[in-house]
Amino acid sequence: MTIDDLAAYLNVSVETVRGWRAHRQGPPAFKVAGSLRWRLTEVDAWLDGTRQAGEVK
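A quick note: this is a predicted structure, and the numbers were derived from the prediction, not measured.

J.: Is there a simple way to explain unusual backbone geometry in this structure?
T.: Among all residues save glycine, negative phi is the norm, and among peptide bonds the norm is trans. With a phi angle near 60°, Asn11 is a residue other than glycine that sits in the positive phi range. Summarising the element assignment, Asn11 is placed in the loop between helix 1 (3–10) and helix 2 (14–22). The exposed category is assigned to Asn11, whose relative accessible area is 71%.

Spelled out as structure tokens, the structure:
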């Protein structure tokens, strides 16, 4: 997923995703040819973890 895809999937702004990255929060990302990408399985696992913790990490 691109940052735009992730923001749409989570129904947040791209700026929110960037803020999470700046504070080392949010789902884990990796780079492909210098561009950030997210795996849907890891995003869903992160969501499951935040639901259990009751807050966004």
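Having seen the model, we can carry on.
J.: Got a minute to help me understand the pattern of salt bridges in this structure?
T.: Working definition: two side chains of opposite charge can pair if their charged atoms are close together. The full count for this structure, using the stated rule, is one salt bridge. In this structure, Arg39 and Glu42 form a salt bridge, with 3.8 Å as the shortest nitrogen-oxygen distance.

J.: I tried to follow helix 1 on my own but got confused; where do I start?
T.: Helical geometry note: an α-helix holds 3.6 residues per turn, so side chains three or four residues apart project in the same direction. Those residues of helix 1 not exposed but buried are Ile3, Leu6, Ala7 and Leu10. On an axial view of helix 1, the arc spanned by its buried residues comes to 100°, and they lie on one face. Counted as exposed and oriented over 90 degrees from the buried face of helix 1: Asp4 and Ala8. Phi turns positive one or two residues past the end of helix 1, at Asn11, with a value near 60°.

J.: Honestly, the packing of helix 1 against helix 2 in this entry has me stumped. Any pointers?
T.: To characterise two packed helices, one gives the angle between the axes of the helices and the distance between these axes. Viewed as axis vectors pointing N to C, helix 1 and helix 2 meet at an angle of 105°, and their least axial separation amounts to 8 Å. Taken together, the axis directions place helix 1 and helix 2 in an arrangement best described as roughly perpendicular. Counted together, Ile3, Asp4, Leu6, Ala7 and Leu10 of helix 1 and Val14, Val17, Arg18 and Trp20 of helix 2 form the full contact between these two elements. Residue classes in the contact of helix 1 with helix 2 are distributed as seven nonpolar, no polar and two charged.

Definitions and cut-offs
- Residues numbered from 1 in each chain as written.
- Predicted model: local features only at pLDDT ≥ 70, side-chain atom pairs only at ≥ 80, totals over all residues.
- Heavy atoms only, no water.
- Helix = DSSP H or I, 4+ residues; strand = E, 2+ residues; numbered from the N terminus.
- Buried < 20%, exposed > 50% of the residue type's maximum accessible area, 1.4 Å probe, protein only.
- Salt bridge = Lys/Arg side-chain N within 4 Å of Asp/Glu carboxyl O.
- Arc of directions from axis to C-beta.
- Axes fitted to C-alpha atoms, helices over the stretch in contact; angles between N-to-C directions.
- Parallel < 35°, antiparallel > 145°, perpendicular 65-115°, else oblique.
- Contact = heavy atoms within 4.5 Å.
- Nonpolar A, V, L, I, M, F, W, Y, C, P; charged D, E, K, R; others polar.

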